[in-house]
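# Structural overview for review
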Amino acid sequence: MLTCKQFLLELNSYIEKTLDPQELAELHRHVSECPNCFVVCDTTEKTLRVFKGMECQPVPKGIQARLMAAIEKRFKDKGGCGCSGETTHH
Amino acid sequence: MSTTPVSPAFDEAALVARAKAGDQDAFNELILHYDRRVFRMAKQITENDDDAEDVLQETFLKAYTHLNDFQGNSKFYTWLVRIAVNEALMKLRKRRSDKTVPLDEPIDTGEDEVVREIAVWDQNPEDVYSREELATILDQAVQSLKAAYRTVFVLRDIEELSIEETAEMLGLSISAVKSRLLRARLQLREKLTRQFKKKGEDAFAYL
């Protein structure tokens, strides 16, 4: 029987199912019988889910405007096309 | 120069091809599609709006200048992220060189993973908090991580790069990425559980 510490070290592999079936079954047995590890596993999965669901906020208008202005300037400096010629390091 | 209208569906490869041919509108469209993701990542790594803005600008300026070097072997965004990560890490190293461990230095990977808060969550946080409140909570949680953990978490779990890509971009071994990712996830779980746990469920320690 795995200890909680052993389970925890394999938590990511368990969540991502990147182990062979026998190892996964052993981890699954532990988490089924250990309420603490069940909660840790469950709340870790929820943590990942909430981050994955996080919407990407638009770039603030002022920052975006300065970005587009910098790109516009670069286009003009390079005669409208940055790709037909040399690559320039700054 | 191509005058093909942009289809309503975002066609990355076509836009890149047009941008390479000198079509400024196509490059601008790529910017407007990806700027928020680059900016978010830059902000999460540098923890600073001004640095994030610099990273954002440098990333797209370099992408523009070196567009011919992009061979299409990876997704355009992966190529862009690589530029952005390098820029963000440079900012971070410059600013923090005197007070934190370098990102490529081995860190303690002992077995004392942090698990103190063991409590079920009350409800889905998405149902309890507004989008803005939730975004603030998550941002603060990520920013409370040490840079060594934060960078791995941002690349792997927010940008959804593979373990191998994360390792390569950060100059770390696969095993270092894995152990840092475990730490990062457990620390975030800990912080979020404090915030989201069911009322009346007190923390208790185990392990």
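Residues numbered from 1 in each chain as written. Chains lettered and ligands numbered in written order. Predicted model: local features only at pLDDT ≥ 70, side-chain atom pairs only at ≥ 80, totals over all residues.

What follows covers the overall build of chain A. Summing up its helical and strand segments, chain A has 5 helices and 0 strands in all. Listing every helix and strand of chain A by position from the N terminus yields α-α-α-α-α. Here chain A, with 90 residues, has 21% of them falling under the buried criterion. (Helix = DSSP H or I, 4+ residues; strand = E, 2+ residues; numbered from the N terminus. Buried ≥ 20, exposed ≤ 12 C-beta atoms within 10 Å, placed from the backbone.)

Further remarks concern the packing of helix α2 (residues 24-46) of chain B against helix α7 (residues 147-158) of chain B. Residue and element names in this part refer to chain B. In the contact formed by α2 and α7, the axes pass within 9 Å of each other and the chain directions differ by 155°. In terms of orientation, α2 and α7 fall into the roughly antiparallel class. Read as a crossing pair, α2 and α7 show a hand that is right-handed. Each of Met-41, Gln-44 and Ile-45 in α2 lies in contact with α7, whose residues at this interface are Arg-150, Thr-151, Val-154 and Ile-158. Partitioning the contact of α2 with α7 into residue classes produces 4 nonpolar, 2 polar and 1 charged. (Axes fitted to C-alpha atoms, helices over the stretch in contact; angles between N-to-C directions. Parallel < 35°, antiparallel > 145°, perpendicular 65-115°, else oblique. Left-handed = near helix turned anticlockwise from the far one by under 90°. Contact = placed C-beta atoms within 7 Å. Nonpolar A, V, L, I, M, F, W, Y, C, P; charged D, E, K, R; others polar.)

Okay, helix α4 (residues 35-52) of chain A next. When the terminal C-alpha atoms of α4 of chain A are compared, their 26 Å separation across 18 residues agrees well with the 26 Å that a helix rising 1.5 Å per residue should span. Here α4 of chain A has its buried residues at Cys-37, Val-39, Val-40, Cys-41, Thr-43, Thr-44, Thr-47 and Val-50 of chain A. Where α4 of chain A is buried, its residues contact α1 (4-9), α2 (11-16) and α3 (21-33) of chain A together with α5 (125-128), α6 (131-143) and α9 (174-196) of chain B. (Expected span 1.5 Å × (residues − 1).)

Listed as interface residues are 38 residues of chain A and, on the opposing side, 46 residues of chain B. When grouped by side-chain class, the residues that make up the side of chain A that touches chain B number 21 nonpolar, 13 polar and 4 charged.

Another aspect to go through is the nonpolar core. By size, the foremost hydrophobic cluster in this structure holds 52 residues, and its most contacted members are Leu-30, Val-38, Met-41, Ala-42, Leu-56, Ala-84 and Ala-88 of chain B. Both domains that meet at this core, namely domain 1 (12-96) and domain 2 (125-196) of chain B, each give it at least three residues. Not counting residues up to four positions away in its chain, the partners in contact with Leu-56 of chain B are Ile-63 and Leu-67 of chain A together with Asp-35, Val-38, Phe-39 and Ala-42 of chain B. (Core = buried A, V, L, I, M, F, W, Y, C linked by C-beta atoms within 7 Å. Domains from an automatic or database assignment.)

Residues and elements named next belong to chain B. Its domain assignment divides chain B into domain 1 (12-96) and domain 2 (125-196). Using C-alpha coordinates to define each centre, domain 1 is positioned 21 Å away from domain 2. Secondary structure elements with two or more residues in the side of domain 1 that touches domain 2: α2 and α4 (76-96). Residues belonging to the side of domain 1 that touches domain 2 are distributed by class as follows: 5 nonpolar, 1 polar and 3 charged.

Another point: unusual backbone geometry. With a phi close to 55°, Lys-17 of chain A is a non-glycine residue in the positive phi region. Structurally, the position occupied by Lys-17 of chain A is in the loop between α2 and α3. Phi angles above zero are rare outside glycine, and Glu-160 of chain B is one such case at about 60°. Here Glu-160 of chain B lies in the loop between α7 and α8 (163-170). Classification of Glu-160 of chain B by C-beta neighbours within 10 Å gives exposed; the count is 10.

A few words on the confidence of the model for chain B. Residue and element names in this part refer to chain B. Taken over all residues, the pLDDT of chain B has a mean of 85, while the share at 70 or more is 83%. The weakest mean pLDDT in chain B belongs to α5 at 88; the strongest belongs to helix α3 (residues 49-65) at 96. Taken together, the stretch residues 1-7 has pLDDT below 50 and engages in 7 contacts with residues farther than four places along the chain or on a different chain. The ipTM, which scores confidence in the relative placement of chains, is 0.84 for this predicted complex, and the corresponding pTM is 0.84. (pLDDT = per-residue confidence, 0-100.)

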